[in-house]
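One letter stands for each residue in the lines below.
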Amino acid sequence: MARDRERQTIVDDYRSRAQAGAEPGAWDYLEGGAGAERTLAANVAAFQEVTVVPRVLVDVTTVDTAVEVCGARLAAPIGVAPVAYQRLWHPDGEAATAAGAAATGTLMIASMFASARYEEIAEAGGARWLQLYVLRDRAILLDLVARARAAGFTALVVTVDTPRLGDRRRDVRNSFAIPPHAQSQNIDPETMALTGVPITGGSALATHVGATYDPGLRWEDISWLADRTGLPVVLKGILDPSDATRAVDAGAAGIVVSNHGGRQLDGALATLDALPAVAEAVEGRIPVLVDGGVRRGVDVLVCRALGADVVLVGRPPVWGLAAGGAEGVAGVLGGLRAELELAMALTGRPCLADLTPAMVRRPSR
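It should be emphasised that the depicted structure is a prediction, and the values quoted were computed from it without experimental measurement. (Residues numbered from 1 in each chain as written. Predicted model: local features only at pLDDT ≥ 70, side-chain atom pairs only at ≥ 80, totals over all residues. Heavy atoms only, no water.)

Observations concerning the overall build of the chain
Part 1: Along its length, the chain carries 15 helices and 12 strands.
Part 2: Relative to the globule expectation of 21 Å for 365 residues, the C-alpha radius of gyration of the chain, 19 Å, shows essentially globular dimensions.
Part 3: Principal-axis analysis of the C-alpha atoms gives the chain an extent of 65 × 45 × 40 Å.
Part 4: Looking at the 365 residues of the chain, the share that counts as buried comes to 57%.
Part 5: For the chain, long-range pairs separated by at least 24 residues make up 73% of all intrachain contacts whose partners lie at least 6 apart in sequence.
Part 6: For the chain, the accessible area works out to roughly 14500 Å², and carbon and sulfur atoms hold 51% of it.
Part 7: Of the side-chain charges in the chain, 35 are positive and 42 negative, and the distance between the mean point of each set is 3 Å. (Helix = DSSP H or I, 4+ residues; strand = E, 2+ residues; numbered from the N terminus. Rg over C-alpha atoms; globule rule 2.2 N^0.38 Å. Buried < 20%, exposed > 50% of the residue type's maximum accessible area, 1.4 Å probe, protein only. Contact = heavy atoms within 4.5 Å. Areas by Shrake-Rupley, 256 points an atom, 1.4 Å probe, with all protein chains shown as cover. Lys, Arg positive; Asp, Glu negative; His and termini not counted. Charge placed at Lys NZ, Arg CZ, Asp CG, Glu CD.)

This is the structure:
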């Protein structure tokens, strides 16, 4: 039943077209989650259980969806979450995704493992941030940041929920590895070598993470990164309100409420369920972003009402990319914005400031 409802979203046509043309292992890498994929499913299901209370006789002649976050002006509170190796699904990869995002006034967060060069991504214009994992080799990290900053990236998004890679069973069953055409174009081949070596009954990506990521990452490392780079640092992977408070105290410029799209700890809290308490703990001191399970404009509305400043989408833009390149990405993002605007009009909330927790009804959990 839940899957039947999901098929009625505006992005579903893009998903169907994307799957039809995708290599099966690459499709599983995109679509899969950790373990039994309970958290993956919970992210989507949480939105299907929510209802909103409309107001009537409100002038909605004009509906304003524009927002600013960390200095980035956006046409709507929507951003593209980082997804690595996008040439797995389209020859233009992240360059096309960036073009689609720029065309719709959407924030683009590029993965450090982008299969297009940062300079290619920057050519699209628009608001762009760089996502990072903290590697054991800090020199590689600082070099990436310097290049991205020179290309006009204005903030860093540090993923903090991946000291080890989650148990991604689909990748293990497929012995998944990154083919040469989709490899990172921004990090030296020696550092990335393990991602391209298939392991029978194993995951090349898990081997790569074990060899290169720093599992001892601590709060003081975040301050070090901010001091060394001079860029705002946003922490991605926050679910616990106490971690949100500590992020504020540590000088984070923002946080992303995220369970990594259900790809890390299976059984982790759905992000929509985590969002209200995290937003309450932050108390508006820094921006709160959220990702996970967003498929409709009304999902964006609900997240805004429950405390998110910007809502990130990960898989749907890639579906658009695979189905139609930059135009497909723009179709997904533009469709979500149009749905958000319509939902705001139909709920009698013409401004983003009108979206409050009082308008949302959620089941007891």
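Here we look at helix α4 (residues 38-48)
Every α-helical turn comprises 3.6 residues, leaving residues that sit three or four positions apart pointing alike.
Part 1: Listed in full, the buried residues belonging to α4 are Thr39, Leu40, Asn43, Val44, Ala46 and Phe47. Looking straight down α4, one finds that the buried residues subtend no more than 150 degrees of arc, so they occupy a single side. (Arc of directions from axis to C-beta.)

Quick word on the pattern of salt bridges
Part 1: Evaluated as defined, the whole model comprises 14 salt bridges.
Part 2: Glu220 is the salt-bridge partner of Arg218, the closest N and O atoms lying 3.3 Å from each other.
Part 3: The exposure class assigned to Arg218 is exposed, which follows from its relative accessible area of 55%.
Part 4: Note that Lys236 and Asp291 form a salt bridge whose closest N and O atoms lie 3.6 Å from each other. Of this pair, Lys236 sits in strand β8 (residues 233-238) while Asp291 sits in strand β10 (residues 288-291), and the two are 55 residues apart along the sequence. (Salt bridge = Lys/Arg side-chain N within 4 Å of Asp/Glu carboxyl O.)

Points about the environment of Ile178
Part 1: Considering the arrangement of structural elements, one finds Ile178 in the loop between α8 (169-173) and α9 (189-192).
Part 2: You can call Ile178 buried: its relative accessible area is 2%.

Regarding the confidence of the model for the chain
Part 1: Scored by pLDDT, the chain comes out at a mean of 95, with 98% of its residues at no less than 70.
Part 2: Contacts of residues 1-6 to residues separated by more than four positions or lying in other chains number 9 contacts, the stretch itself having pLDDT below 50. (pLDDT = per-residue confidence, 0-100.)

Structural notes on the side chain of Thr271
Part 1: As for its placement among the helices and strands, Thr271 is situated in helix α13 (residues 271-282).
Part 2: Assessed through its relative accessible area of 1%, Thr271 is described here as buried.
Part 3: Filtering out sequence-adjacent residues up to four positions away, Thr271 remains in contact with Asn43, Leu239, Val257, Ser258, Asn259, Val290, Asp291 and Gly292.

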